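Here's the letter readout for the chains.
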Amino acid sequence: MEFKVGNATLQLIKSDITDIEADAIVNAANSTLLGGGGVDGAVHTKGGPKILQECKRIRDNEWPDGLPTGNAVITSGGNLKAKYVIHTVGPIWRGGVHEEAKLLRRAYWNSLKLAAAKGLKSVAFPSISTGAYGYPTEEASRVAVAAVKDYLRAEDRIERVTFVLFSQRDFDIYAQTAKEQLMPT
Ligand code: AR6
């Protein structure tokens, strides 16, 4: 499923993000940057040890206390098809009254900003925060689609953004949200 946003394309697919060929895929990391389960586990397992080495270097040099929620950093793609991995930290859901939406938006925004600064044209996102971090998928999809839409309207260096949804249920939720936010009424 595809939508035009400014000059860019916003695409939704049901797939495994570690199989995606894009300039960058985004990892739903945690602030340690040292791996975990879900997307993070798959990225490091399939991407190989080079990504973890680069993450450790970033920790040592730039973020000794960990990457704050909403920030993003970039490493190579290791053995993945994607050239780069952008690691961002989404918020842990705590009922929705602890700035979760603002922090989730920031995670998408900063990932796209970093990709654009690197001259990358295509970026693929998983559904950040909706696994281990417990963010309800419907609410998260509204924040995610709005953040990407606003970013692509604000600047035109990124040509393609793909949401890679892991389950049919997640795909259907994101598709409904994208229709609501992006189709002319
Ligand atoms: N490709 C695409 N989507 C996936 C994949 C995959 N290979 N694997 C899982 N998902 P999560 P979070 C979906 O838990 O909620 C880690 O331990 C999954 O079904 O990966 O941001 C980190 O180290 C869900 O819809 O990320 C952190 O500690 C979505 O991706 C913590 O989890 C996000 O699930 C981050 O939690």
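The structure we're discussing is the one just above.
Let me begin by describing the structure that accompanies this report. If you're wondering where the values come from, they're calculated on a predicted model, not measured in any experiment.

Some details on the site of the ligand
By nearness alone, 22 residues border the ligand, and Asn30, Gly37, Asp40, Ser129 and Gly131 come closest of all. Asparagine 30 is positioned such that a nitrogen or oxygen atom in its side chain is 2.7 Å from an oxygen atom of the ligand. Contacts to the ligand include tyrosine 133, whose backbone N or O atom sits 3.1 Å from an oxygen atom. Calculation on the ligand without its partners gives an accessible area of 700 Å², and the protein chains cover 88% of this total. Elements with a minimum of two residues in the shell around the ligand: strand S3 (24–29) and helix H1 (38–47). Per-element tally for the shell around the ligand: the top contributor is H1, with four residues.

Remarks on the nonpolar core
Grouped together as the largest cluster of nonpolar side chains are 37 residues, with contacts concentrated most on Leu12, Tyr108, Phe125, Val148, Ile158, Phe163 and Tyr174. With residues near it in sequence (within four places) discarded, phenylalanine 125 still touches Ile17, Val26, Tyr108, Ser111, Leu112, Val148, Val161, Thr162, Phe163 and Val164. Within the second largest apolar cluster, 18 residues are counted, among which are Val43, Ile51, Val73 and Val89.

Digging into the packing of helix H3 (residues 100–117) against helix H4 (residues 137–154)
One can describe the packing of H3 onto H4 by two numbers: an axis separation of 9 Å at closest approach and a directional angle of 35°. For H3 against H4, the interelement crossing comes out right-handed. Across from Ala101, Leu104, Arg105, Tyr108, Trp109, Leu112, Lys113 and Ala116 in H3, the residues of H4 making contact are Ala140, Val143, Ala144, Ala146, Ala147, Val148, Asp150, Tyr151 and Ala154. For the contact of H3 with H4, the residue count by class is 14 nonpolar, no polar and three charged.

Let's talk about the pairing of S3
Every other side chain in a regular strand lies on the same face of the sheet, so the side chains alternate between the two faces. In terms of residue burial, S3 counts as a mostly covered element, since five of its six residues are buried. Where S3 and strand S5 (residues 84–89) come together, six bridges link them in parallel fashion. By the bridge assignment for S5, alanine 24 is matched with tyrosine 84. With two bridges connecting them, S3 and strand S6 (residues 122–125) associate as parallel partners. Of the residues in S6, the one forming a bridge with alanine 24 is valine 123.

Topic: the sheet that holds strand S1 (residues 2–5)
Across a sheet, strands are paired by hydrogen bonds formed along the backbone, either parallel or antiparallel in direction. The strand order S1-S2-S7-S6-S3-S5-S4 describes an open sheet built from seven strands, whose pairing is mixed. Edge positions in the sheet fall to S1 and strand S4 (72–76), since each has one partner strand and no second. Here the strands of the sheet are splayed against their neighbours by 25° on average, with no regard to which way each runs. On the sheet, H1 packs against S3 and S5 and is oriented at approximately 125° with respect to S3. The sheet contacts of H3 involve S3, S4, S5, S6 and strand S7 (160–165), and relative to S5 the element is tilted by about 150°.

Quick look at the packing of aromatic side chains
This model, assessed by the stated rule, comprises six aromatic pairs. Here tryptophan 93 and tyrosine 135 contribute two aromatic rings whose centre-to-centre distance is 4.6 Å and whose plane-to-plane angle is 55°, an arrangement assigned as tilted. Remark: tyrosine 135 occurs in the loop between S6 and H4 and tryptophan 93 occurs in the loop between S5 and H3; sequence separation between them is 42 residues. Aromatic pair tryptophan 109 and tyrosine 151: ring centres 5.0 Å apart, planes at 75°, arrangement edge-to-face. Placement of the pair is tryptophan 109 in helix H3 and tyrosine 151 in helix H4, with a sequence separation of 42 residues. A residue is classified by how much of its surface remains accessible, and tryptophan 109, at 26% relative accessible area, is partly exposed. Among the aromatic residues, ring-to-ring pairing joins Tyr108, Phe125, Phe163 and Tyr174 into one connected group.

Each value, and the rule that gives it
- Residues numbered from 1 in each chain as written.
- Predicted model: local features only at pLDDT ≥ 70, side-chain atom pairs only at ≥ 80, totals over all residues.
- Heavy atoms only, no water.
- Near = heavy atom within 4 Å.
- Polar contact = N/O pair within 3.5 Å; in protein donor to acceptor, adjacent residues only side chain to side chain.
- Areas by Shrake-Rupley, 256 points an atom, 1.4 Å probe, with all protein chains shown as cover.
- Helix = DSSP H or I, 4+ residues; strand = E, 2+ residues; numbered from the N terminus.
- Core = buried A, V, L, I, M, F, W, Y, C linked by side-chain atoms within 4.5 Å.
- Buried < 20%, exposed > 50% of the residue type's maximum accessible area, 1.4 Å probe, protein only.
- Contact = heavy atoms within 4.5 Å.
- Axes fitted to C-alpha atoms, helices over the stretch in contact; angles between N-to-C directions.
- Left-handed = near helix turned anticlockwise from the far one by under 90°.
- Nonpolar A, V, L, I, M, F, W, Y, C, P; charged D, E, K, R; others polar.
- Pairing = 2+ DSSP bridges.
- Phe/Tyr/Trp six-rings, centres within 6.5 Å; stacked < 30°, edge-to-face > 60°.

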